[in-house]
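Working through the structure, step by step
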Amino acid sequence: MTAADRHWLRETLALARRGRALASPNPLVGAVVVDSAGRKVGEGFYTYEGRKHAEVLALEEAGEAARGGAVYVSLEPCGIHGRTPPCVDALAAAGVSRVVAAARDENPEVDGVGYERLRACGIEVVEADGEIAAEARRLNEAFFHYARTGKPLVTLKAAVTLDGKIAAPDDNTGWITSAAARAHVQQMRHDHDAILTGIGTVQADDCLLTDRSALPRRRPLLRIVADSLLRLPVDSRIVESAAGDLLIATTSAARQARRRLFESLNIPMEIFDAPAGRVDLSALVEWLGTQRIASLMIETGSKLNWGALEGGVVDKLLLYYAPKILGGLDSLPMVGGVGRRTRAGALLLENLKILPVAKDEFAVEAYVVKQAATVP
Ligand code: AOF
Ligand code: ZN
């Protein structure tokens, strides 16, 4: 790969990002066509409603100028018939001589097929590696996870003090982290299809859980409250602001009268029964996959954080740390419940990354090591 290749690939990544919240449950993809003289003659990015893949949009813009040129794309071009004909056919028909791609398509239906078919057509294929490949992979990590498992990628987000506390015993108003960290969280909500909290958090915080990034999105952020007994107050802000974007995950133990009340408010409920009257989070996550939800973030309290981690549904953590210490045995830890009783039994994390947020603030991103021990 040349410096020019890297430059154009970076541009495809920027283009792909223009599809944020507009492409799911399909991938974020950007493409650039460069003619044989090294000039950009076409570009495109994917949106689900627009249907046409990024490569096709870029080729359409380039027209005849694509002949003999190169196509840069943030994701391996598809070699299959889906909602559209295969992009490899469009690339071959356009007479492109070279394709440079930032990441393989880990969608099992597609993986590797695109490159193979392009090479079979006599087109030179260059696969990126290093930083750019990692960034491109990361851009579609939820899509890849969803394509592989049929389930959304689940990210647990929390804002904590340096000693891991999320709430003080005597007041629960205001925020732990700064405005900069909260702006990050809004961007994160924007990148997700759904968000989950628990009834306890709604009762304590009267949270809204909306995407307030002010950026466009194809589907509203689906707000989900896990509420086994349907105790959700009808005058809570989350219920009052519901506009087809609120779902209650409940159990069959909830009273009929409460169920009828939410039915009369047109708020959908789904039953996911687990032992001890709890909401079955694994079943919820699986069901969300059938609803074409590719990413779920969890923003909740100690109890549900534990339930989600112990239940093995969390794939990834994003922890925002504030330069504060609360201390005390009465303040709430990020993860409550009974916890693991031995150090050897601790939940393990890997691939940690520290993300700078503001002066004296950072976030830690980490992936949950899937262990047999998390399966009850
Ligand atoms: C996209 N946009 O720009 C590219 C994709 O039939 P579809 O449209 O649902 O897409 C089938 C697959 O094509 C998709 O899952 C992905 O693996 C691959 N490439 N998809 O939506 C694009 N280049
Ligand atoms: Zn395609």
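Residues numbered from 1 in each chain as written. Chains lettered and ligands numbered in written order. Predicted model: local features only at pLDDT ≥ 70, side-chain atom pairs only at ≥ 80, totals over all residues. Heavy atoms only, no water.

A short note on the overall build of the protein chain
In terms of regular secondary structure, the protein chain is built from twelve helices and 16 strands. Over its C-alpha trace the protein chain gives a radius of gyration of 23 Å, about what one expects of a compact globule, namely 21 Å for 376 residues. If one aligns the C-alpha atoms of the protein chain with their principal axes, the spans along those axes are about 70 × 45 × 40 Å. In the protein chain, which comprises 376 residues, the share counted as buried stands at 49%. Counted over contacts in the protein chain with a minimum sequence separation of 6, partners at least 24 positions apart contribute 70%. Surface summary for the protein chain: the accessible area is close to 17,700 Å², and the carbon and sulfur share equals 54%. Side chains of the protein chain give 45 positive and 47 negative charges; the mean places of these two sets differ by 3 Å. (Helix = DSSP H or I, 4+ residues; strand = E, 2+ residues; numbered from the N terminus. Rg over C-alpha atoms; globule rule 2.2 N^0.38 Å. Buried < 20%, exposed > 50% of the residue type's maximum accessible area, 1.4 Å probe, protein only. Contact = heavy atoms within 4.5 Å. Areas by Shrake-Rupley, 256 points an atom, 1.4 Å probe, with all protein chains shown as cover. Lys, Arg positive; Asp, Glu negative; His and termini not counted. Charge placed at Lys NZ, Arg CZ, Asp CG, Glu CD.)

Considerations on the site of ligand 1
Around ligand 1, 15 residues are found, and the nearest of them are N26, H53, A54, R83 and D105. Contact between ligand 1 and Y46: an oxygen atom at 3.4 Å from a side-chain N or O atom of the residue. Among the residues making up the shell around ligand 1, the classes are represented as seven nonpolar, five polar and three charged. (Near = heavy atom within 4 Å. Polar contact = N/O pair within 3.5 Å; in protein donor to acceptor, adjacent residues only side chain to side chain. Nonpolar A, V, L, I, M, F, W, Y, C, P; charged D, E, K, R; others polar.)

What to know about the pairing of strand β2 (residues 40-45)
Relative to β2, strand β1 (residues 30-34) runs antiparallel, the two sharing five bridges. Within β2, the position partnered with V34 by the bridge is K40. As consecutive antiparallel partners, β1 and β2 are separated by five residues, and within that stretch G38 has a phi angle of approximately 85°, a positive value. (Pairing = 2+ DSSP bridges.)

Overview of the domain arrangement of the protein chain
Here the domain parsing of the protein chain yields domain 1 (3-143) and domain 2 (150-374). The partner domain 2 presents 17 residues to the ten residues of domain 1 that form the contact. Contact between domain 1 and domain 2 buries roughly 1,300 Å² in total, counting both sides, with carbon and sulfur atoms accounting for 43%. Our count for the contact surface shared by domain 1 and domain 2 stands at four salt bridges. Put simply, domain 1 and domain 2 have eleven residue pairs in polar contact (both at pLDDT 80 or more) between them. (Domains from an automatic or database assignment. Buried area = accessible area lost by both parts, 1.4 Å probe. Salt bridge = Lys/Arg side-chain N within 4 Å of Asp/Glu carboxyl O.)

Examining the coordination of the zinc ion (ligand 2)
Between any two of four tetrahedral donors, the ideal angle at the metal is 109.5 degrees; between two of six octahedral donors, it is 90 or 180 degrees. The protein atoms that coordinate the zinc ion (ligand 2) are H53 (ND1), C78 (SG) and C87 (SG), at distances spanning 2.0 to 2.2 Å. Ordering the donors of the zinc ion (ligand 2) by residue number gives the pattern H-x24-C-x8-C. Here H53 is found in the loop between β2 and α2 (54-62), whereas its partner C78 is found in the loop between β3 (70-73) and α3 (87-93), with 25 residues between them in sequence. (Donors = N, O, S within 2.8 Å, 3.2 Å for Na, K, Ca; no water.)

Some remarks on the environment of D330
Mapped onto the elements of the fold, D330 is located in the loop between β13 (316-322) and β14 (332-333). Sequence separation between D330 and T161 is 169 residues, and the spatial gap between their C-alpha atoms is 14 Å.

As for the packing of aromatic side chains
For the structure on display, the rule yields three aromatic pairs. Ring geometry for F272 against W287: centres 5.9 Å apart, planes inclined by 65°, an arrangement best described as edge-to-face. Within this pair, whereas F272 is found in the loop between β11 (269-271) and α11 (281-290), its partner W287 is found in helix α11, the two being separated by 15 residues in sequence. A relative accessible area of 7% places F272 in the buried class. (Phe/Tyr/Trp six-rings, centres within 6.5 Å; stacked < 30°, edge-to-face > 60°.)

Regarding the side chain of T250
By secondary structure assignment, the location of T250 is in strand β10 (residues 246-250). There is a polar contact of 2.9 Å between the side chain of T250 and the backbone oxygen of D227. Contact partners of T250, with chain neighbours within four places excluded, come to D227, S228, L229, L230, M269, E270, I271, F272 and V279.

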